[in-house]
Amino acid sequence: MNYFPEEVLEHVFDFLTSDRDRNAVSLVCQSWYRVFIGNCYAISAERLIARFPRVRSLTLKGKPHFADFNLVPHDWGGFVYPWIETMAKSGLNLEELRLKRMVVSDDSLELLSRSFVNFKSLVLVSCEGFTTDGLAAIASNCRFLRELDLQENEVEDRRGQWLSCFPDSCTSLVSLNFACLKGEVNLVALERLVTRCCNLRSLRLNHAVPLDTLQKILVQAPHLVDLGIGSYVHDPDSETYHKLKSAIQKCTSVRSLSGFLEVAPRCLAAIYQICLNLTSLNLSYAAGIHGTELIKLIRHCGRLQRLWILDCIGDKGLGVVASTCKELQELRVFPSDLYGVGHAAVTEEGLVAISAGCPKLNSLLYFCHQMTNAALITVAKNCPNFTRFRLCTLNPTKPDPVTMQPLDDGFGAIVQSCKGLRRLSLTGLLTDQVFLYIGMYAEQLEMLSVAFAGDSDEGMLYVLNGCKKLKKLEIRDSPFGNVALLTDVGKYETMRSLWMSSCEVTLEGCKTVAKLMPRLNVEIINESEQVEVEASPDDRQKVEKMYLYRTLVGPRRDAPDFVWTL
Amino acid sequence: MSPPLLGVEGEGQGNVSIVAASASMDCISQNGSGLKEHNYLGLSDCSSVDSSRVSSLSDDNKNNLNMKATELRLGLPGSQSPERDPDLNLLSSGKLDEKPLFPLLPSKDGFCSSLQKTIVSGNKRGFSDTVDGFSEMKGCVYTEGNWMFHGAGSDSETPESVGQGKFPSNAGINVMLTSRPSGAQATIMKEVPSKALQERSRATNGTSGNEMKTSNNNSSAPAAKAQVVGWPPIRSFRKNTLATTSKNNKEVALFVKVSMDGAPYLRKVDLRMYSTYQELSSALEKMFSCFTIGQCGSHGAPGREMLSESKLRDLLHGSEYVLTYEDKDGDWMLVGDVPWEMFIDSCKRLKIMKSSDAIGLAPRAMEKSKNRD
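First, a word on what this report is: a plain description of the structure on this page. Since we're looking at a predicted model, the values are computed, not measured.

1. Some words on the overall build of chain B
Summing up its helical and strand segments, chain B has 14 helices and 7 strands in all. Taken across its 373 residues, chain B has 52% of its residues classed as buried. For chain B, the computed accessible surface area is about 16,100 Å², with 53% contributed by carbon and sulfur atoms.

2. Side note on the overall build of chain A
A count of helices and strands for chain A gives 19 helices and 23 strands. Looking at the 566 residues of chain A, the share that counts as buried comes to 62%. Just so you have it, chain A exposes about 20,900 Å², and 50% of that area is on carbon and sulfur atoms.

3. Regarding unusual backbone geometry
With the exception of glycine, most residues fall at negative phi, and the peptide bonds are largely trans. For the peptide bond that leads from W231 of chain B to P232 of chain B, omega is -5 degrees, which places it in the cis range. At E152 of chain A, a residue that is not glycine, the phi angle is positive and equals roughly 55 degrees. Checked against the element boundaries, E152 of chain A lands in the loop between β6 (147-151) and β7 (154-156). The buried category is assigned to E152 of chain A, whose relative accessible area is 14%.

4. Some words on the environment of G183 of chain A
All names here are of chain A. The residue G183 is located in the loop between β8 (175-177) and α7 (187-196) in this model. Taking C-alpha positions, G183 is 9.5 Å from G160, a pair spaced 23 residues apart along the chain. Sequence-distant contacts of G183, defined by excluding residues within four places in its chain, comprise D157, N206 and A208.

5. Some details on the packing of helix α4 (residues 81-89) of chain A against helix α5 (residues 106-115) of chain A
When two helices pack together, their arrangement is given by the angle between the helix axes and by the axis-to-axis distance. Residue and element names in this part refer to chain A. Interaxial distance between α4 and α5 falls to 9 Å at its minimum, and their mutual angle equals 20 degrees. By the angle between their directions, the pair α4 and α5 is classed as roughly parallel. As α4 runs across α5, the sense of the crossing is left-handed. Of the residues in α5, those in contact with Y81, I84, E85 and A88 of α4 are D107, S108, L111, L112 and S115. Counted by class, the contact of α4 with α5 contains 5 nonpolar, 2 polar and 2 charged residues.

6. Some words on the pattern of salt bridges
Residue and element names in this part refer to chain A. This structure, assessed with the given rule, holds 24 salt bridges over all chains. With a closest N to O distance of 3.9 Å, R56 and E95 form a salt bridge. Of the two residues, R56 sits in the loop between α3 (45-51) and β2 (57-61) while E95 sits in the loop between α4 and β3 (96-100), which places them 39 residues apart along the sequence. A salt bridge links R98 to E96; the nearest nitrogen and oxygen atoms lie 3.0 Å apart.

7. Some points on the packing of aromatic side chains
Residues and elements named next belong to chain A. One pass over the full model with this rule turns up 21 aromatic pairs over all chains. Considering the side-chain rings of Y41 and W76, the 5.7 Å spacing of their centres and the 75 degrees angle between planes classify their relative orientation as edge-to-face. Of this pair, Y41 sits in the loop between β1 (34-37) and α3 while W76 sits in the loop between β2 and α4; the two residues are 35 residues apart in sequence, bridging distant segments of the chain. For Y41, a relative accessible area of 9% translates into the label buried.

8. Observations regarding the pairing of β3 of chain A
Note on strand geometry: in a regular strand, side chains alternate between the two faces of the sheet. All names here are of chain A. In β3, alternate side chains face the same way, and those of L97 and L99 are buried while those of E96, R98 and K100 on the opposite face are not. The pairing of β2 with β3 spans 5 bridges and is parallel. Each bridged residue has a counterpart across the sheet, and for S57 the counterpart in β3 is E96. You can see the chain leave β2, run along α4 and come back into β3, and the turn it takes is right-handed.

9. Some words on the side chain of E474 of chain A
Residues and elements named next belong to chain A. Positionally, E474 belongs in strand β19 (residues 472-476). Of the buried charged residues, E474 lacks a salt bridge, with R423 as the closest side chain of opposite charge at 5.0 Å. Among the polar contacts made by the side chain of E474, one reaches the side chain of S449 at a distance of 2.6 Å. Once residues lying within four places of it in the same chain are set aside, the contact partners of E474 are H65, F66, M447, L448, S449, V450 and W499.

10. Topic: the packing of helix α12 (residues 314-324) of chain A against helix α13 (residues 348-357) of chain A
All names here are of chain A. Where α12 meets α13, the axes come as close as 8 Å, and the angle between the chain directions of the two elements is 5 degrees. Classified by the angle between their axes, α12 and α13 sit roughly parallel to one another. The segment α12 lies against α13, with D315, L318, G319, V321 and A322 engaging E349, G350, L351, A353, I354 and G357.

11. Thoughts on the nonpolar core
W83, F178, Y232, F260, F389, I438 and Y492 of chain A are the most contacted members of the largest nonpolar core, which has 189 residues in total. What F178 of chain A contacts, discounting residues up to four positions off in sequence, is L150, W162, L163, V185, L190, R204, L205, N206 and V209 of chain A. Ranked by size, the runner-up nonpolar core spans 23 residues in total, among them Y277, A283, L284 and F288 of chain B.

12. Side note on α13 of chain A
α13 of chain A sits mainly inside the fold: 7 of its 10 residues count as buried. Residues E348, G350, L351, V352, I354, S355 and G357 of chain A constitute the buried set of α13 of chain A.

13. Digging into the pairing of strand β18 (residues 447-451) of chain A
Residue and element names in this part refer to chain A. Taking burial as the measure, the 5 residues of β18 include 5 buried ones, the bulk of the element. Side chains of β18 alternate between two faces, with M447, S449 and A451 and L448 and V450 buried alike. Examined bridge by bridge, strand β17 (residues 423-426) and β18 share 4 bridges and lie parallel to one another. Residue R423 lies in a different strand from β18, and its bridge partner there is M447. Considered for its hand, the β-α-β crossover made up of β17, helix α16 (residues 432-441) and β18 is right-handed. By the bridge criterion, 5 bridges tie β18 to β19 in an arrangement that is parallel. By the bridge assignment for β19, L448 is matched with L473. For the crossover from β18 across helix α17 (residues 457-466) to β19, the handedness is right-handed.

14. Some words on α12 of chain A
All names here are of chain A. Counting buried positions along α12 yields 8 of 11 residues, so the element is predominantly enclosed. All of the buried residues in α12 are G314, D315, G317, L318, V320, V321, A322 and T324. Here the buried face of α12 lies against α11 (291-299), β13 (306-310), β14 (330-334), α13 and β15 (363-368).

15. As for the sheet that holds strand β7 (residues 349-354) of chain B
Residue and element names in this part refer to chain B. Spatially, β4-β3-β7-β5-β6 is the arrangement adopted by the 5 strands of the open sheet, whose pairing is mixed. Both edges of this open sheet fall to β4 (267-270) and β6 (332-334), since each of them pairs with a single strand only. Strand after strand, the sheet turns through a mean of 35 degrees between neighbouring axes, direction not considered. Examined bridge by bridge, strand β3 (residues 255-260) and β4 share 4 bridges and lie antiparallel to one another. Bridging across to β4, F255 finds its partner in D270.

Calculation criteria
- The numbering scheme is per chain: residues are counted from 1 as the chain's sequence reads.
- Naming scheme: in the order in which they are written, chains are lettered from A and ligands are numbered from 1.
- Whole-chain, interface and lining totals are the exception, using all residues; otherwise, since this is a predicted model, local features are given only for residues with pLDDT of at least 70 and side-chain atom pairs are given and counted only at 80 or more.
- Derived side-chain values reflect all non-hydrogen atoms in the structure, with water molecules and hydrogen atoms excluded from consideration.
- Runs of E in the DSSP output that reach at least two residues are strands. Runs of H or I that reach at least four are helices, and both are numbered from the N terminus.
- Three exposure classes are used, based on accessible area relative to the maximum for each residue type with a 1.4 Å probe and protein chains only: buried under 20%, partly exposed in between, and exposed over 50%.
- Using a 1.4 Å probe, accessible areas were evaluated by the Shrake-Rupley method; residue-level cover was limited to the displayed protein chains.
- We call two residues in contact whenever any of their non-hydrogen atoms come within 4.5 Å of each other.
- To obtain an axis, a line is fitted to C-alpha atoms, over the contacting stretch when the element is a helix, and the angle between two such axes runs from 0 to 180 degrees between their N-to-C directions.
- Angles below 35 degrees are treated as roughly parallel, those above 145 as roughly antiparallel, those between 65 and 115 as roughly perpendicular, and all remaining angles as oblique.
- When the near helix sits turned anticlockwise from the far one by under a right angle, the crossing is termed left-handed; a clockwise turn instead gives a right-handed crossing.
- Three classes are used, and their members are as follows: Ala, Val, Leu, Ile, Met, Phe, Trp, Tyr, Cys and Pro are nonpolar, Asp, Glu, Lys and Arg are charged, and the others, Gly among them, are polar.
- Salt bridge, as applied in this entry: a Lys or Arg side-chain nitrogen positioned within 4 Å of an Asp or Glu carboxyl oxygen.
- Here a Phe, Tyr or Trp ring, Trp counted by its six-membered ring, pairs with any other such ring whose centre lies within 6.5 Å, and the pair is stacked when the planes are under 30 degrees apart, edge-to-face when over 60, and tilted otherwise.
- For two strands to pair, DSSP has to find at least two bridges joining them.
- We call a crossover right-handed when, viewed with the strands running away from us, the connection from the first strand over the helix to the second turns clockwise.
- Residues scored as charged are limited to Lys and Arg (positive) and Asp and Glu (negative), so that His and the chain ends carry no count.
- By the criterion applied in these results, polar contacts are pairs of N or O atoms within 3.5 Å in which, for protein atoms, one can donate a hydrogen and the other can accept it, and in which residues neighboring in sequence qualify only through two side-chain atoms.
- Take the buried Ala, Val, Leu, Ile, Met, Phe, Trp, Tyr and Cys residues and link them wherever side-chain atoms come within 4.5 Å; each set so joined is a nonpolar core.

Encoded structure:
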């Protein structure tokens, strides 16, 4: 295949949508240049480069998913530095780097910025370990930077002027997202940057960018497709606000809107114009928009395909979504009332309304106070196209409040109806029965998240036996033990990873898996003040947290003290 | 108003009592709203609010519950009659392991819509107004950042076991549903009558409201409230960001006291939640309908809520009550004269006055209401 020009190869491989096929092709084709690594410890940088010497775009994921919820201690791992170092040394022509849940130091950003002349795109999602100094390095040194996209990272603010570090010669930016930064930015530098980057199509500002700067920016960049508003507070009777209104009217290309990290609801009228064309709206950080203002806004968004909101929209508000957003495909409803402020929340009512009004819905994340089997059954009937279905009842063991039954039947309906379901998260009172349904019907399921569910090992076994395509299984606080863990250890080599915390699995069980399966890393996280390993820990002791994953490169060498690789 | 706050309140008392209390509340609310359709277990047995009945929940209805629990299996939804049958079992009986488990037959539209209606009506509780009051209590329930709930049934559980072993709670709940006799069950059932009684008395005469509050506080403090790590499953970044914005918004929120002549206690509303006088008025109507109409939950007629709201509306717009507020200067003003924004800037507290007391304002009140209508 080497005589095919790369552009053609690119096109051909775009049609290979399954990982299996891509994997197979990559074995024979060395021109492969876009690589996705779901677990950074499954392979080493050296082997990656050996197999894909022409790699230009790399995606790496580090910590297990439950790290998002503070279940994984801080220094567990997932360091990107060794990767960048190795790639730099081998003279790789890296252009794109996408990292998720990794530890990224300022040094690694510095090294990245200096090592790859054609570096174009940096996307960091849920990462930590860097400061605005690292961003300054990227801004200063990446001469052809097109994309700097920071999503929900913990970034330390060093009060530097990282934005000012983009040289005047930098005109290549297409996408800039710094919404997650907590600190101030140089507003003049920002305006200048936007002015000279005529290809800028995506811009997401942080809370430190006030409305009058936004107005000036929009005047300079009316071709934006994706806009994230930082602070949206002003006197609606002011001239600035009127200027903003007219600037917004010229932004006819905006299809995606987010932010509103601070907002004066009375200023929202200015954006109704944009709402008409929106396909994506993320108000999940806009705690200042609620009640009638929120609903008024939604009523303008008839073309929405993706909506992320807070549960203060309420069931009634979801009813408005259902009647307005007929094209809706993805909905995420996040809890707003973490601190008891007393806003309305959502229940199964809202979800049923959505399912009735939005038949194209295929992706859901829904935090609610309660759910009923009847509602889930209705939802399953109305929306058979779900590929991702994540439900979270805020009380994780809450039964159906009407019937007092577990939610087994409801979720059973979902998996039976949604034949394309790839990702599922369950909560509520759940018995082994729900896992029987999942094992029987969820044939395409790749990722399953379980919390406080099940009665016995049977539950977990139903899933392991039934779900042939399972890649990631994460379980917390459920009564699954060694029998479930050990019945089919070969299964784990067909999966990316298994996480079990606060379950019934013992040290002995984990040791057994490790012994039987040399190509798995079985890691135990033990944070408590325990005696050293040498002083014979009781094998019958239950394991707090176990994370096992398949790997080609054996136990990792950067594991901290509290992680034991068996 | 969303019923989930009921569940929240239950959480303050213990996980198992959620199950029990919600069941009893369910009975009460069914009675209150007169809607029995949503009772999938056929719990229309609880047709009257009665302490003896409530405590008998622990015996008779528990058995009913248990039997129904074992009966309920996944069935053929399309095969059910679409009428509003009180015993409508959406899940017909059948064995757990029977195949096919859940063939989704195309259902009649009637079924779907009745299903939906059922669900919607199932959430209208007669307690909607009392639920409002819980939002305050909720504030004291969720004081920490981590979500708190009871993983265990009784208060005697240690924090560690609550935090880690959710199995006791599962066992507790399963015990209740599957009629496996155990000591835990006895404990569970004991809690039901007292809590349910408190609920009921609060609804009926409102005087025990403060008692309820204090008793709730008392029971929540010593009760083993485990902070579960990593729950709810939200990214820390999001949690932290919302925390900051919430704090900012808290300063922005504008809670003012609302008193009503003749009511035994005051309420509070957040004026920022509304953008028109109409919205505020409706909210107040809902809040105070209890005191005006009399005992909640004493009627069984459908549409009781509607009756009371419109009646109160008439009362407010008619001659019996007027809505007034105290402004920054300490003067008592009639609500509705100035633009809304100006009003919330200057309003310090609200008062629903008897028109007879608001002599000078009454004629304008009549005018105002005429204009509004």
